[in-house]
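Spelled out, the chains give:
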Amino acid sequence: MSAETLPTKEQVLEALKVVKDPEIPVNVVDLGLVYDVEIHENGVVDVTMTLTAIGCPAQDLVKADAEMAVMRLPGVTGVNVEFVWTPPWTPARMTEEGKKMLRMFGFNV
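These numbers were taken from a predicted model, which means no experiment stands behind them.

Definitions and cut-offs
- Residues numbered from 1 in each chain as written.
- Predicted model: local features only at pLDDT ≥ 70, side-chain atom pairs only at ≥ 80, totals over all residues.
- Heavy atoms only, no water.
- Pairing = 2+ DSSP bridges.
- Helix = DSSP H or I, 4+ residues; strand = E, 2+ residues; numbered from the N terminus.
- Axes fitted to C-alpha atoms, helices over the stretch in contact; angles between N-to-C directions.
- Contact = heavy atoms within 4.5 Å.

(A) Just the sheet that holds strand β1 (residues 34–39), in detail. Taken together, three strands build an open sheet; the order of strands is β1-β2-β3 and the sheet is mixed. Each of the sheet's edge strands pairs with one partner strand only, and the pair in question is β1 and β3 (78–83). Adjacent strand axes in the sheet meet at a mean angle of 15 degrees when their direction is disregarded. Both β1 and strand β2 (residues 44–49) contribute to a ladder of five bridges, which runs antiparallel. Residue V37 lies in a different strand from β2, and its bridge partner there is V47. Packing of helix α1 (residues 9–16) onto the sheet brings it into contact with β1 and β2, and relative to β1 it is tilted by some 130 degrees. The strands touched by helix α2 (residues 59–71) within the sheet are β2 and β3, with β3 carrying the most contacts at an inclination of about 150 degrees.

See the structure below:
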């Protein structure tokens, strides 16, 4: 597969913006939950991410939503989502857009 047919890291991150933490009305990218995206020549995309808390009951849902979102991109043949807990997530990882969204919902960030 040529590099022209593979998505860019920016396109993968944009696709992941449809994935939301069910408990927080902000997408996983703006929450700062996506730590890394790696796109392989064979079309497989590895996403390394975390959740706001270890043992989050929504882990399987978030993983399935992330896989489906990335699989929609042209050239993607597979998606591996790996959850890591180091470094731990903190609100400091959020984008300014994410903080703005949370403030709209009454959160103090």
